[in-house]
Amino acid sequence: MTDDRELGEDVLEVLLPLLKACTALQASEPTRLSHRGGGLRVVLDVQLAGAPTVRVEQVDIPAGSGAGATRGGAPARRQRRRPALPPGG
């Protein structure tokens, strides 16, 4: 957020109550990150209130059973299409 820790704390002191008072948003508690210069870095999650929650689960696909796998089991790479050459003349 800033290299000036005191300024960062002042901004955070004003910003957090505003975020929490906003009924359209849902904000998590802030996480303070370490900063070498003594400044302040803060991370928080802000989402729309009432937005649907999405859960994603990983499905393990055996290597070599399709889904982009090549003979060795490594994922296939997409090749870039080159633009067509202009008509010769």
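What counts, and at which threshold
Starting afresh in each chain, residues are numbered from 1 along the sequence in its written order. A pLDDT threshold of at least 70 governs which residues receive local features in this predicted model, and a stricter bar of 80 or more applies before side-chain atom pairs are shown or counted, although totals over entire chains, interfaces and linings include all residues. Water and hydrogen atoms were dropped before computing side-chain values, which therefore reflect all heavy atoms in the structure. Runs of E in the DSSP output that reach at least two residues are strands. Runs of H or I that reach at least four are helices, and both are numbered from the N terminus. A helix is expected to reach a length of 1.5 Å times the quantity of its residues less one. The contact criterion used throughout is that any non-hydrogen atoms of two residues lie within 4.5 Å. Each residue carries a pLDDT score, the predictor's own confidence in it, on a scale running from 0 to 100. In what follows, salt bridge is the name for a side-chain nitrogen of Lys or Arg lying within 4 Å of a carboxyl oxygen of Asp or Glu. Here's how the labels work: a residue is buried when its accessible area is under 20% of the maximum for its type, exposed when over 50%, partly exposed in between, all with a 1.4 Å probe on protein chains only. Think of a patch as exposed residues, more than 30% relative accessible area, with no salt bridge, where like charges cluster within 9 Å and nonpolar side chains (Val, Leu, Ile, Met, Phe, Trp, Tyr) cluster within 5 Å. Computed with a 1.4 Å probe, the accessible areas rest on the Shrake-Rupley method; for each residue, only the protein chains presented here act as cover. For the charge count, each Lys or Arg is scored as positive and each Asp or Glu as negative, with His and the chain ends excluded. For this purpose, a charge sits on NZ of Lys, CZ of Arg, CG of Asp or CD of Glu.

Caption draft 1: Focus on helix 1 (residues 5-21). Compared with an ideal rise of 1.5 Å per residue, which puts 17 residues at 24 Å, helix 1 spans 24 Å between its outermost C-alpha atoms and is within 8% of the ideal. Residues of helix 1 that are buried make contact with strand 1 (25-27), strand 2 (31-33), strand 3 (41-43) and strand 4 (46-48).

Caption draft 2: Expanded view of the confidence of the model for the protein chain. Mean pLDDT over the protein chain: 80, with 78% of residues reaching 70 or higher. Within the protein chain, the element-level pLDDT minimum falls on strand 4, averaging 89, and the maximum on helix 1, averaging 92.

Caption draft 3: Region of the structure containing the pattern of salt bridges. If you walk through the whole model with that rule in mind, you get four salt bridges. Taking the shortest distance from any N to any O, the salt bridge between arginine 32 and glutamate 9 comes out at 3.1 Å. One end of the pair, arginine 32, is in strand 2; the other, glutamate 9, is in helix 1, with 23 residues separating them in the sequence. Of the charged contacts, one joins glutamate 29 and lysine 20 as a salt bridge, the two residues approaching to 2.6 Å between their closest N and O atoms. What makes glutamate 29 exposed here is its relative accessible area of 56%. Judged by relative accessible area, which is 46%, lysine 20 ranks as partly exposed.

Caption draft 4: The arrangement of a nonpolar patch on the surface in detail. Together, Met1, Leu7, Val11 and Leu15 give the surface a local cluster of nonpolar side chains, amounting to about 320 Å² of exposed area. In this fold, valine 11 is placed in helix 1.

Caption draft 5: How the structure looks around the environment of glutamate 9. Residue class for glutamate 9 comes out partly exposed when judged on its relative accessible area of 27%. Taking the C-alpha atoms as reference points, glutamate 9 and leucine 40, 31 residues apart in sequence, are found 7.6 Å from one another. When sequence neighbours within four positions are dropped, the list of residues in contact with glutamate 9 reads Arg32 and Leu40.

Caption draft 6: Examining a negative patch on the surface more closely. On the surface, Asp4, Glu6, Asp10 and Glu13 cluster together into a patch of negative charge. Inspection of the secondary structure puts aspartate 10 in helix 1. Among the residues examined, aspartate 10 registers a relative accessible area of 42% and is labelled partly exposed.

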